[in-house]
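Notes for the structure review
If you want the building blocks of each chain, they are given just below.
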Amino acid sequence: MNNEKKLASILNRFRDSLSSKEIDLIDSLGGAVENVNDSWHDTATSCHLFTDGASQLDKNNAGIGGLLKKGNKTLFTFAENVGDCTNNEEEYLALIRGIELCIENKIDNVDIFCDSELIVRQVNGDYKVKNERMIKLHARVVDLCLMLKVWSVSHVMREKNTEADHLSKEGLEK
């Protein structure tokens, strides 16, 4: 991916906190981003990806699940067993699988919702990632997100993520 698209993607992530003056300053520094406002999030065309992980620590077993919706229509779902991993690893693996499916299906405008506040804050750059295994998973998420045109990752309360939760529990059984 070229630098212009990477910069535009980063700006899109932080668009709500940037002023037009700050965007103009960034443009003047390298002229790298043209018409950033034109590529900003359009809620009419975005899809919503919900992901979750589930684990049975006593059985060293974990599942991931998720679904992509556009309006009230579900475009795809997934439920997979990922074996022995930590709670945070399963949350990252669910996020990775969901984004991969978006890319495979040529869906590049995605609002992503996870009920793991830690993962959301790490992906958004609010928290540092210190664990070696998490660093690799985090890097994979960031790389995949850069392949999307417009994206965001937000925390959602568990009770608003019941479909993805159900799918992750299905993944435990596979």
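Residues numbered from 1 in each chain as written. Predicted model: local features only at pLDDT ≥ 70, side-chain atom pairs only at ≥ 80, totals over all residues. Heavy atoms only, no water.

Between side chains of opposite charge, pairing is possible as soon as their charged atoms come close. Taken as a whole and assessed by the stated rule, the structure comprises nine salt bridges. Between Glu100 and Arg97 there is a salt bridge, and its shortest N-O distance comes to 3.5 Å. One end of the pair is Glu100 and the other is Arg97, both in helix α4 (residues 87-104) and three residues apart, which spans about a single turn. Here Lys169 ties to Asp165 by a salt bridge, and the two come within 3.0 Å at their closest N and O atoms. Taken together, the residues Lys169 and Asp165, both in helix α7 (residues 162-172) and four residues apart, mark about one turn of the helix. Taking relative accessible area as the criterion, Asp165 reaches 19% and is therefore assigned buried. Overlapping salt bridges, with partners in common, bring together Glu80, Arg97, Glu100, Glu104 and Arg140 in one network. (Salt bridge = Lys/Arg side-chain N within 4 Å of Asp/Glu carboxyl O. Helix = DSSP H or I, 4+ residues; strand = E, 2+ residues; numbered from the N terminus. Buried < 20%, exposed > 50% of the residue type's maximum accessible area, 1.4 Å probe, protein only.)

This part takes up the packing of α4 against helix α6 (residues 132-145). When two helices pack together, their arrangement is given by the angle between their axes and by how far apart the axes lie. Here α4 crosses α6 at 20°, and the two axes come no closer than 10 Å. As far as their axial angle goes, α6 and α4 are roughly parallel. Seen from above, α4 lies across α6 with left-handed handedness. Across the interface between the two elements, Asn88, Glu89, Tyr92, Leu93, Leu95, Ile96, Ile99, Glu100 and Ile103 from α4 touch Arg133, Met134, Leu137, His138, Arg140, Val141, Leu144 and Cys145 from α6. (Axes fitted to C-alpha atoms, helices over the stretch in contact; angles between N-to-C directions. Parallel < 35°, antiparallel > 145°, perpendicular 65-115°, else oblique. Left-handed = near helix turned anticlockwise from the far one by under 90°. Contact = heavy atoms within 4.5 Å.)

Our next topic: α7. Inspection of α7 places Ala164, Asp165, Leu167, Ser168, Gly171 and Leu172 among the buried residues, and these make up the whole buried set. Down the axis of α7, the smallest arc covering the buried residues is 165°, so these residues share one side. Where α7 is buried, its residues contact β1 (47-56), β2 (61-70) and β3 (73-81). (Arc of directions from axis to C-beta.)

Next up on the list: the nonpolar core. Ranked by internal contacts, the top residues of the largest apolar core, which has 29 residues, are Ile99 and Ile112. Listing elements by their share of this core, those giving two or more residues are β1, β2, β3, α4, β4 (109-114), α5 (117-123), α6 and β5 (150-155). The leading source of residues in this core is α4, at seven residues. Not counting the four nearest positions on each side in its chain, Ile112 is found in contact with Leu49, Leu95, Ile99, Cys145, Ser152, Val153 and Ser154. Core analysis: the next-biggest nonpolar cluster, separate from the first, contains seven residues, Phe50, Phe113, Val156 and Ala164 among them. (Core = buried A, V, L, I, M, F, W, Y, C linked by side-chain atoms within 4.5 Å.)

Just geometry here; none of it tells us what the structure is for.
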